[in-house]
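Chain residues, written in single-letter form:
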Amino acid sequence: MRLFRLAKIFSVAHRHGIDEIIVEHEPTGKLAALCRFLHLWRRNDDTEAVRLRRFLEDLGPIFVKFGQVLSTRRDLLPLDIADELAKLQDRVPPFPARLVHTQIEAAYGRPAAQVFAEFDETPVASASVAQVHFARLHPEHGGHEVAVKILRPNMGGIIAHDLALLDTLAGVLETLWSDGKRLKPREVVAEFAKYLYDELDLMREAANASQLRRNFKDSKLLLVPEVYWDFCSTTVMVMDRMHGIPISHNDALVAAGISLTELSRAGVEIFFTQVFRDGFFHADMHPGNIFVAVDGANKGKYIALDLGIVGTLTDTDKNYLAQNFLAFFQRDYKRVAEAHVEAGWAPPDTRVDEFEAAIRAVCEPIFDRPLHEISFGKVLLRLFQTSRRFNVQIQPQLVMLQKTLLNVEGLGRQLDPNLDLWKTAKPFLERWMSEQLGWRALLRGIKEESPGWARALPQMPRLVHHALRREGAAQLAPLLAELAAGQRRQNRLLALITVLLLVWLAVQYF
């Protein structure tokens, strides 16, 4: 099946002329000339950008999501390709109304007309895994305007085949490439597969939305739609209809009186709040999933949609990342190098002074400069080269965080190219670290642990007594066993002496 899927990828690439796009970058130009000669019959009147978008669309949801991530990296891609790939975010061809009604009836056991008072068969958004329709609930259920998200039919088999192919390619990469084992490509694919399968369960997405909404209750920065649980299943999800402007529509936002500078700073704060305060973050923050409210008291707030993919971090992960970020912002490269060694990311025999010098050479140029003057693509490339030199291990559990950080940078670049990401984030991280390590953290820890202490303190004398008794018994057991064995040996010896004495007496008197 994997071979068939690989053959399909090559076939689709050939149909859209992707091979020509690749060989055109060959320095001598001979391969490009040979390719044009062998395909004189093939006509591709579309631009390279359109051909690339259609190629990704034809290959399915995994490749569409790859295109979504690429569309935010306008510093790495030509603008025409970035603009075309941006269409993948809400212009993927929808599946027909017949299948929509089939999915609804399968989920509820009755037709859409009995579930909703109104239902628009024309989707307002069609993404790689699902599509969204507007509807209205019946008056007895509140009559609310809602958005209905419906999973694409037969997605499980398609994604399973693509992930199997990615796993095969990752295995080959791990075997043939010298850096393969260090980069853990199969673990990276497994992590991506876990999040992708989570996205296929709309009940899980509903739970994610409910959690993020609770985390940002009464927030001045972020809105999350309310979920109507009575109408949710694994294939259909119903939530509040949200009104706003897509974050990628800069002109419309300015016309609505939204400050792009403040919006970009708010986006950075939202990201760091999700990561470091909650350890629960929206891991699919491409422009198609982010809107901005423009009416009433919520004007200027972000609206988060499509929470099928979220990331989580443990307290250990958060503390480690915060220390690294803060050390970067303070230009304490020695602390960054030490943190990598302490966390086991770099081998224990790594020379910290050499690692520190290498990190300084990569990171020093990015500070005190506006975002539009920094090529993060080049910075990432040099960091990769540095990590290879020092055998730094890539952590698969942080793949989603790395992807989200790239998305946040892309959004910030679109809204305000002059935004200094580091200066915006530094005060937030310093405040967070003081709350984690200062007197506030001590008071919070006492508050969290006091109920457990209240239960345990009255039991302490009894628990200590039992522990000592068990410990004493455990220590005496070997001694008692040794004494018993010695006693048995002594008894046997006395019995033998007694028998010998009786035998001697018998010989003497008889």
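Attention here is on the structure that accompanies the text. (Residues numbered from 1 in each chain as written. Predicted model: local features only at pLDDT ≥ 70, side-chain atom pairs only at ≥ 80, totals over all residues. Heavy atoms only, no water.)

**Thoughts on the overall build of the protein chain**
Summing up its helical and strand segments, the protein chain has 22 helices and 11 strands in all. Residue pairs at least 24 apart in sequence account for 69% of intrachain contacts in the protein chain once pairs closer than 6 positions are excluded. For the protein chain, the accessible area works out to roughly 27,700 Å², and carbon and sulfur atoms hold 59% of it. (Helix = DSSP H or I, 4+ residues; strand = E, 2+ residues; numbered from the N terminus. Contact = heavy atoms within 4.5 Å. Areas by Shrake-Rupley, 256 points an atom, 1.4 Å probe, with all protein chains shown as cover.)

**Notes on the nonpolar core**
Leu-212, Leu-222, Met-237, Ile-247, Leu-253, Leu-263 and Tyr-302 are the most contacted members of the largest nonpolar core, which totals 54 residues. The contacts of Tyr-302, once residues within four sequence positions are left out, are Leu-221, Leu-222, Leu-223, Ile-247, Leu-263, Ser-264, Ala-266, Gly-267, Ile-270, Ile-290, Phe-291 and Leu-415. In this structure, Ala-283, Ala-337, Cys-363 and Leu-421 belong to the second largest nonpolar core, which totals 42 residues. (Core = buried A, V, L, I, M, F, W, Y, C linked by side-chain atoms within 4.5 Å. Buried < 20%, exposed > 50% of the residue type's maximum accessible area, 1.4 Å probe, protein only.)

**Details of helix 14 (residues 260–278)**
End to end, helix 14 covers 26 Å across 19 residues, agreeing with the expected 27 Å (1.5 Å per residue, within 8%). Where helix 14 terminates, the next one or two residues include Gly-279, which has phi positive at roughly 65°. (Expected span 1.5 Å × (residues − 1).)

**Side note on the pattern of salt bridges**
The final tally for this structure, using the stated rule, is 13 salt bridges. Its salt-bridge partner being Glu-145, residue Arg-136 comes within 3.4 Å of it at the nearest N-O pair. We classify Arg-136 as partly exposed; its relative accessible area is 28%. For the salt bridge of Arg-351 with Asp-353, the shortest nitrogen-to-oxygen distance reads 2.7 Å. By relative accessible area, which is 48% here, Arg-351 ends up partly exposed. (Salt bridge = Lys/Arg side-chain N within 4 Å of Asp/Glu carboxyl O.)

**Digging into unusual backbone geometry**
Here Asp-218, not a glycine, exhibits a phi torsion of approximately 65°, which is positive. Position of Asp-218 relative to the elements: it lies in the loop between helix 12 (202–215) and strand 5 (222–223). For Asp-218, a relative accessible area of 74% puts it in the exposed group. Despite not being glycine, Asp-306 has its phi angle at roughly 55°, a positive value. Mapped onto the secondary structure, Asp-306 falls in the loop between strand 10 (302–304) and strand 11 (310–312).

**Details of the pairing of strand 4 (residues 145–151)**
Most of strand 4 sits out of view: 6 of its 7 residues are buried. The pairing of strand 3 (residues 130–137) with strand 4 spans 7 bridges and is classified as antiparallel. Residue Gln-131 lies in a different strand from strand 4, and its bridge partner there is Ile-150. Relative to strand 6 (residues 236–240), strand 4 is paired through 5 bridges, and the arrangement is antiparallel. Note on strand 6: the bridge partner recorded for Ile-150 is Val-236. (Pairing = 2+ DSSP bridges.)

**Remarks on the packing of aromatic side chains**
Tallying each qualifying case throughout the model produces 5 aromatic pairs. For the ring pair Phe-355 and Phe-390, a centre distance of 4.8 Å and an interplane angle of 35° mean the geometry is tilted. Taken together, the residues span a long stretch of sequence, with Phe-355 in helix 17 (residues 352–363) and Phe-390 in the loop between helix 18 (376–389) and helix 19 (399–415) at a distance of 35 residues. Both residues of the pair, Phe-355 and Phe-390, belong to the buried class. One aromatic cluster is present, built from ring pairs that chain together Tyr-108, Phe-116 and Phe-119. Over the ring of Phe-134 we find Arg-241; its NZ or CZ atom is 3.7 Å from the centre of that ring. When the ring centre of Phe-216 is taken as origin, the NZ or CZ atom of Arg-277, which lies over that ring, is 5.1 Å away. (Phe/Tyr/Trp six-rings, centres within 6.5 Å; stacked < 30°, edge-to-face > 60°. Lys NZ or Arg CZ within 6 Å of the ring centre and 35° of its normal.)

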